Amino acid sequence: MAVIDLRSDTVAMPSPEMRQAMVTAPLGDDVFGDDPTTNKLLEVAAERMGKAAAMFVPSGTMGNLIGIAVNARSGEELIADADSHAFYYETGGAAAVCGVQIRPVATERGVMSPRQVEEAVRPRDDPHQPITAAITFENTHNRHGGIVWPLEDLRAASDAAHSQGLRVHLDGARIFNAAVALGVSAAKIAAAADTVTFCLSKGLACPVGSIFCGSEDDVDQARRWRKRLGGGMRQVGVLAAAGLIALDHMVDRLAEDHSNAHTLAEGLAELPGVRCDLSRVQTNLVFFDLDTVPAPAFTDECARRGLLGDWVDQHRMRFVTHYGVDAEDVQSALKICEEILSA
Ligand code: TLP
């Protein structure tokens, strides 16, 4: 049975061109800084983010953790959206590894207003309270539906943070989805942040890897943190080779994933017992609520019929479109959902 895998864009397989480049990439030892393929990728990645320097990390989670470590010290506080990946899905790494406390801020759509930023900053003159050192924004915002921050809103929130003396980290795991949706360069989005992490192994379909970017000084500190975390890798050019192909050939095609997600969401919204807020379906993530069947049971039933998805809670599901899913798969997925929900 052919399986349609909509659990995440992390499941996307590398393209044949990536696999070929991985085999032939010139290699060196990246902990010594002399892997030529990685160095080339870092140069291109830094340029795409409009930052001075970049570093390869094994995962988005490590990139965010290093972003926290570089921007805040033990005992200090980091402001984050209450549904952010950093707060929700990174196993308490900020606290466990960096000694940094996260102050969660609840938002309607993952987008923080300047006022919310200002109100979350602790008064500096009260010795009882931790120092607010940094803030992290997520764009696109995963748990809020793959939503894209309007550029002006991101700039306004970032200006508010900078004017309070905070450092700004951007979890840009899917920054290229945001860039394609907005029709701007990723650098324009990343300009709002001091440091940014983006993922190669989501919509860009690389097998492994994320990139942390910032100033030369940020990346110097980040290299030390990466070593401390055991994330320094040697002939990582085998992975960087795929990253170079991704940055050249996989960004523009994200529009196709967005269009497939939109078709999927529209089809789901018409099914009995499904609620899907189409205004949130702006990129490749489709969240929807089920009224008549528990989401875990629906997930199991889909899987039995060859459709893989992810349940978020008892009522909520997530489907994700990516390089391994085409328009025909979307129609087949809708047919499977219809069969289950109309039964
Ligand atoms: N997100 C995964 C799961 O962890 C939920 C997914 O399938 O969406 N930031 C954001 C916004 C993310 O969505 C993710 C992964 C990460 C960071 C972490 O990336 P990895 O999985 O490479 O550690």
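The rules we used
Residues numbered from 1 in each chain as written. Predicted model: local features only at pLDDT ≥ 70, side-chain atom pairs only at ≥ 80, totals over all residues. Heavy atoms only, no water. Helix = DSSP H or I, 4+ residues; strand = E, 2+ residues; numbered from the N terminus. Expected span 1.5 Å × (residues − 1). Buried < 20%, exposed > 50% of the residue type's maximum accessible area, 1.4 Å probe, protein only. Contact = heavy atoms within 4.5 Å. Phe/Tyr/Trp six-rings, centres within 6.5 Å; stacked < 30°, edge-to-face > 60°. Lys NZ or Arg CZ within 6 Å of the ring centre and 35° of its normal. Near = heavy atom within 4 Å. Polar contact = N/O pair within 3.5 Å; in protein donor to acceptor, adjacent residues only side chain to side chain. Areas by Shrake-Rupley, 256 points an atom, 1.4 Å probe, with all protein chains shown as cover. Nonpolar A, V, L, I, M, F, W, Y, C, P; charged D, E, K, R; others polar.

**Thoughts on helix α12 (residues 254-269)**
Helical geometry note: an α-helix holds 3.6 residues per turn, so side chains three or four residues apart project in the same direction.
And then number 1: For α12, spanning 16 residues, the distance from its first C-alpha to its last is 22 Å, which sits close to the expected 22 Å at 1.5 Å a residue.
And then number 2: Three or more residues of α12 are buried, namely Leu254, Asp257, His258, Asn260, Ala261, Leu264, Ala265, Gly267 and Leu268.
And then number 3: On its buried face, α12 sits against α8 (175-182), β9 (274-275), β10 (285-290), β13 (316-320) and α14 (327-342).

**What to know about the packing of aromatic side chains**
And then number 1: Taken as a whole and assessed by the stated rule, the structure comprises five aromatic pairs.
And then number 2: Measuring from ring centre to ring centre gives 6.3 Å for Phe288 and Phe298, while their planes differ by 90 degrees; the resulting arrangement is edge-to-face. Taken as a pair, Phe288 in strand β10 and Phe298 in helix α13 (residues 295-304) lie far apart in primary sequence, ten residues in all. Taken as a pair, Phe288 and Phe298 share a single burial class, namely buried.
And then number 3: Counting every residue linked through ring pairs, the aromatic cluster contains Phe288, Phe298 and Phe319.
And then number 4: Against the face of Tyr88 rests Arg143, its NZ or CZ located 3.6 Å from the ring centre.
And then number 5: Taking the ring centre of Trp225 as reference, the NZ or CZ of Arg228 above it sits at 4.6 Å.

**Thoughts on the site of the ligand**
And then number 1: Near the ligand you find 14 residues, and of these Ser8, Gly60, Thr61, His85 and Asp171 are the closest.
And then number 2: The separation between an oxygen atom of the ligand and a polar side-chain atom of His85 is 2.8 Å.
And then number 3: A total of 510 Å² of accessible area belongs to the ligand in isolation, and the protein chains cover 81% of it.
And then number 4: In terms of residue count, the dominant contributor to the shell around the ligand is helix α3 (residues 60-71) (three residues).
And then number 5: Classifying every residue of the shell around the ligand by side-chain character gives one nonpolar, seven polar and six charged.

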